[in-house]
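Coordinates in review
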Amino acid sequence: MVTSLKDTTTLHNGVKMPWFGLGVFKVKDGSEAADSVRNAIESGYRSIDTAAIYKNEEGVGQGIKEAGVSRDELFITSKVWNADQGYETTLAAFDASLKKLDIDYLDLYLIHWPVDGKFVETWKALEKLYKEGRVRAIGVSNFHIHHLEELLKEAEIKPMVNQVEYHPHLTQVELREYCEKEGIQLEAWSPLKQGELLEDETIKQIAESYRKSPAQIILRWDLQNKVVTIPKSIKEYRIVANADIFDFELSAEDMDRINALNKNERCGPDPDNFDF
């Protein structure tokens, strides 16, 4: 059982990644990003997830600095954007992200989306960065099973992480089982389905019985399904509340009730049909 914010999963290369972190999608650069990150780290978070396309890496870097926690205690993730995919352009994008974050290395670098005809070449660049020790782990985001299979045919190094849309309306059972079999850690983005799931009657009933919020129930469900999760918030009280999920465990029956809410319904684009 995951019992604290500092608990980690061990990736297939031996690197330890926190089960729980802060996502900063749609958090404005500057003080909003800096304050969110600083508040999270001061509240005990050790994992921060950003991306080049979020255009807030400088604010995230500022928040890291202001929090004053030793760099080696933190786990920082960023992602290469679609327009930068390709071998040389990915290497340049990585350098740009490090510079904006004002750090010497990343803990995890991801391919943000499976851009057709480019993601294999992009992966070669990530392998180079990994071999050079400039990033401690490499992975992908928004990859279906067939994308992973295509990548694995060409890859020297297997992805350590696949970060995907994952919540009770999109339980991704086949993908989760495939990743588990391959030793690829699944990570959830939009775990609360942009807030929509907080109004679900089943989740509200379960929350009442545990004296927890609907958000806390969903985030706990993620962890008990062995999925790393990174809810986003800019409000300090919610950053703290989101992490208050380590003093209870959902019963097998309640896990099944939440699993049964699946509709295979997305709030983001389908990785087989995106045009950006």
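Since we're looking at a predicted model, the values are computed, not measured.

Along its length, the protein chain carries ten helices and ten strands. Rg of the C-alpha trace for the protein chain: 18 Å, near the compact-globule value of 19 Å for 276 residues, within the 12% margin. Classification of the 276 residues of the protein chain by burial places 56% in the buried group. Contacts in the protein chain between residues far apart in sequence, at least 24 positions, make up 74% of those at least 6 positions apart. Approximately 11800 Å² of the protein chain is accessible, and the part contributed by carbon and sulfur atoms is 47%. A distance of 2 Å separates the average location of the 34 positive side-chain charges in the protein chain from that of its 48 negative side-chain charges.

Judged by side-chain charge, K26, K232, K235 and R238 come together as a positively charged surface patch. Here R238 is to be found in helix 9 (residues 236-242). In this structure R238 comes out as partly exposed when scored by relative accessible area, which is 37%.

Under the feature "binding site: substrate" (unreviewed entry), the UniProt entry names H112. Among the secondary structure elements, H112 is positioned in the loop between strand 6 (108-111) and helix 4 (119-131). H112 gets classed as buried once you look at its relative accessible area, which sits at 6%. Apart from the residues lying within four places of it in its own chain, the contact partners of H112 are A51, I53, Y54, K79, V80, W81, N82, S141 and N142.

Given a rise of 1.5 Å per residue, 15 residues ought to cover 21 Å, and the 22 Å separating the end C-alpha atoms of helix 3 (residues 87-101) matches this to within 8%. Buried residues in helix 3 make contact with helix 2 (57-67), strand 5 (75-80), strand 6 and helix 4. Backbone geometry just downstream of helix 3 places D102 in the positive-phi region, at approximately 60°.

The UniProt feature table records "active site" (unreviewed entry) at Y54. With respect to the helices and strands, the residue Y54 is situated in the loop between strand 4 (47-49) and helix 2.

Time to look at the side chain of H169. Its location among the elements puts H169 in the loop between strand 8 (161-165) and helix 6 (173-182). You can call H169 buried: its relative accessible area is 5%. A distance of 2.9 Å separates a polar atom in the side chain of H169 from a polar atom in the side chain of K193. Excluding residues that lie within four positions of it along the chain, H169 makes contacts with K193, E196, L197, D200, L261, N262, K263, N264 and E265.

Moving on to the environment of D200. Its place among the elements puts D200 in the loop between strand 9 (185-189) and helix 7 (201-210). Remark: the alpha-carbon pair of D200 and W221, spanning 21 residues in sequence, is separated by 14 Å. Sequence-distant contacts of D200, defined by excluding residues within four places in its chain, comprise H169 and L261. Side-chain polar atoms of D200 contact the backbone nitrogen of T202, separated by 3.0 Å.

What follows concerns the packing of helix 4 against helix 5 (residues 145-154). At a minimum axis separation of 10 Å, helix 4 and helix 5 run at an interaxial angle of 55°. Taken together, the axes of helix 4 and helix 5 lie oblique to each other. In the packing of helix 4 onto helix 5, the handedness of the crossing is right-handed. Residue-level inspection shows F119, V120, W123 and K124 of helix 4 in contact with helix 5, the latter providing H147, E150, L151 and E154. Residues belonging to the contact of helix 4 with helix 5 are distributed by class as follows: four nonpolar, one polar and three charged.

A word on unusual backbone geometry. Even without glycine at this site, S190 takes up a positive phi of about 50°. Topologically, S190 is positioned in the loop between strand 9 and helix 7. On the basis of relative accessible area, S190 is assigned to the buried category, the value being 16%. Backbone geometry places R211, a non-glycine residue, at a positive phi of 55°. Of note, R211 is situated in the loop between helix 7 and helix 8 (214-224). Classification of R211 by relative accessible area gives exposed; the value is 78%.

Side chains of strand 7 (residues 138-141) alternate between two faces, with I138 and V140 and G139 and S141 buried alike. Pairing geometry for strand 6 and strand 7, over three bridges, is parallel. Note that in strand 7 the partner of Y109 across the bridge is I138. Following the chain from strand 6 across helix 4 to the adjacent parallel strand 7, one finds a crossover that is right-handed. Relative to strand 8, strand 7 runs parallel, the two being bridged by two bridges. Each bridged residue has a counterpart across the sheet, and for S141 the counterpart in strand 8 is Q163. Handedness of the crossover joining strand 7 and strand 8 through helix 5: right-handed.

Procedures and definitions
Residues numbered from 1 in each chain as written. Predicted model: local features only at pLDDT ≥ 70, side-chain atom pairs only at ≥ 80, totals over all residues. Heavy atoms only, no water. Helix = DSSP H or I, 4+ residues; strand = E, 2+ residues; numbered from the N terminus. Rg over C-alpha atoms; globule rule 2.2 N^0.38 Å. Buried < 20%, exposed > 50% of the residue type's maximum accessible area, 1.4 Å probe, protein only. Contact = heavy atoms within 4.5 Å. Areas by Shrake-Rupley, 256 points an atom, 1.4 Å probe, with all protein chains shown as cover. Lys, Arg positive; Asp, Glu negative; His and termini not counted. Charge placed at Lys NZ, Arg CZ, Asp CG, Glu CD. Patch = residues over 30% accessible without salt bridge, like charges linked within 9 Å, V, L, I, M, F, W, Y side chains within 5 Å. Salt bridge = Lys/Arg side-chain N within 4 Å of Asp/Glu carboxyl O. UniProt positions renumbered as here; feature names shortened; annotations may be inferred. Expected span 1.5 Å × (residues − 1). Polar contact = N/O pair within 3.5 Å; in protein donor to acceptor, adjacent residues only side chain to side chain. Axes fitted to C-alpha atoms, helices over the stretch in contact; angles between N-to-C directions. Parallel < 35°, antiparallel > 145°, perpendicular 65-115°, else oblique. Left-handed = near helix turned anticlockwise from the far one by under 90°. Nonpolar A, V, L, I, M, F, W, Y, C, P; charged D, E, K, R; others polar. Pairing = 2+ DSSP bridges. Right-handed = clockwise from strand over helix to strand, strands pointing away.

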